[in-house]
Amino acid sequence: MSRPFNIVQNDIKELPNNIEAEQSVMGSILVSNEIFDEINIIVASKNFYDPMHQKIFAAIEKLIYSGTLANPITLKNHFENEKDEINIPEYLVKITKFSTSSRQTIEYSKLIYDLFVKRELIKISENIIDTARLNDLDQDGQSIIENFEKSLFDLAEKGSFASSLVKFDEAM
């Protein structure tokens, strides 16, 4: 009895992400920069999954922080010389079609941040597993636990969209 031919499949699973939510958030900001102040306290460029979205959001941040309007026209100069597979200036116009209400944009921003945290947790977990498997005599189990706790604490300290701003006098 012959065994059926098995195709080797890629066992690597894609990390948690939502490209459409990223497009919607950026598109909404490009249509109306006013939403940026509410989004800015939830997500930053590093929270985006797609590296191109990270670049675009960083450029949006730079323009808005400098007091300049961020839209496809003002961002065009930032990306004219980019050697990318897609035409970024055209892509900027395309994602404005994904713009949505302020409430949805805020919810999508929370989703982007949550997915970022999950990706970071996966990276931390994989690092811990790799470290534990090394069986390094210089690193005992307790130090691995301490490093894991530090990594989790650092991730938690990066911020959470559930946290709120505290007045200075209340913090003292």
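Numbering of residues starts from 1 in every chain and runs along the sequence as written. Selection of residues for local features in this predicted model requires a pLDDT of at least 70, selection of side-chain atom pairs for listing and counting requires 80 or more, and totals for whole chains, interfaces and linings are taken over all residues. Here the side-chain values reflect all heavy atoms present in the structure, with hydrogen atoms and water set aside.

## Some details on the pattern of salt bridges
The line we're drawing: The term salt bridge refers to a side-chain nitrogen of Lys or Arg lying within 4 Å of a carboxyl oxygen of Asp or Glu. Secondary structure counts use DSSP, requiring at least four H or I residues in a row for a helix and at least two E residues in a row for a strand, with both numbered from the N terminus. Buried means the residue's accessible area, taken with a 1.4 Å probe over protein chains only, is under 20% of the maximum for its type, while exposed means over 50%, and partly exposed covers the values in between.
Tallied over the full model, the rule gives five salt bridges. Between Arg-103 and Glu-107 there is a salt bridge, with the nearest N and O atoms lying 3.9 Å from each other. Taken together, the residues span about one helical turn, with Arg-103 and Glu-107 both in helix H6 (residues 102-134) at a distance of four residues. Relative accessible area serves as the criterion here: at 63%, Arg-103 is assigned to the exposed category. In this structure, the salt-bridge partner of Glu-120 is Lys-123, at a minimum N-O distance of 3.4 Å. Separated by three residues within a single helix, Glu-120 and Lys-123 lie in helix H6, roughly one turn from each other. Residue classification places Glu-120 among the buried residues on the basis of a relative accessible area of 16%. Take Lys-123: its relative accessible area is 43%, and that puts it in the partly exposed class.

## Brief notes about the confidence of the model for the chain
Condition: Per residue, pLDDT measures the predictor's confidence, with a range of 0 to 100. Two residues form a contact once any of their heavy atoms are found within 4.5 Å.
For the chain, per-residue confidence averages 87 on the pLDDT scale, and residues scoring 70 or more make up 85% of the total. Considering each helix and strand of the chain separately, the mean pLDDT is smallest for helix H8 (residues 168-171), with a value of 43, and largest for helix H1 (residues 19-31), with 98. Within the model, pLDDT remains below 50 along residues 5-10, and this stretch shows zero contacts once partners closer than five positions in the same chain are excluded. Low confidence marks residues 160-172, where pLDDT is under 50. Its contacts with residues over four positions away, or in another chain, come to six contacts.

## Here we look at the packing of aromatic side chains
Describing an aromatic ring pair means giving the distance of the ring centres and the angle of the ring planes. Our working definition: In this scheme Phe, Tyr and Trp rings, the latter by its six-membered ring, pair at centre separations within 6.5 Å, and the angle between planes marks the pair as stacked below 30 degrees, edge-to-face above 60, and tilted otherwise.
For the coordinates displayed, the defined rule picks out four aromatic pairs. Where Tyr-113 meets Phe-116, the ring centres are 6.1 Å apart and the plane angle is 45°; that geometry is what we call tilted. On the criterion of helical spacing, the pair formed by Tyr-113 and Phe-116 is a turn pair, its members being three residues apart in helix H6. Both residues of the pair, Tyr-113 and Phe-116, count as buried.

## A few points about the packing of H1 against helix H5 (residues 88-95)
The following threshold applies: Simply put, an axis is a line fit to the C-alpha atoms, just over the touching stretch for a helix, and the angle between two N-to-C directions goes from 0 to 180 degrees. Note on angle classes: values under 35 degrees are labelled roughly parallel, values over 145 roughly antiparallel, values of 65 to 115 roughly perpendicular, and the remainder oblique. Under this grouping Gly is polar, as are all residues other than the nonpolar Ala, Val, Leu, Ile, Met, Phe, Trp, Tyr, Cys and Pro and the charged Asp, Glu, Lys and Arg.
Remark: H1 packs on H5, axes separated minimally by 8 Å, with the N-to-C direction vectors making an angle of 90°. Taken as axis vectors, H1 and H5 run roughly perpendicular relative to one another. Here Gln-23, Met-26, Gly-27 and Leu-30 of H1 come into contact with H5, specifically with Tyr-91, Leu-92 and Ile-95. Among the residues forming the contact of H1 with H5, the class breakdown is five nonpolar, two polar and no charged.

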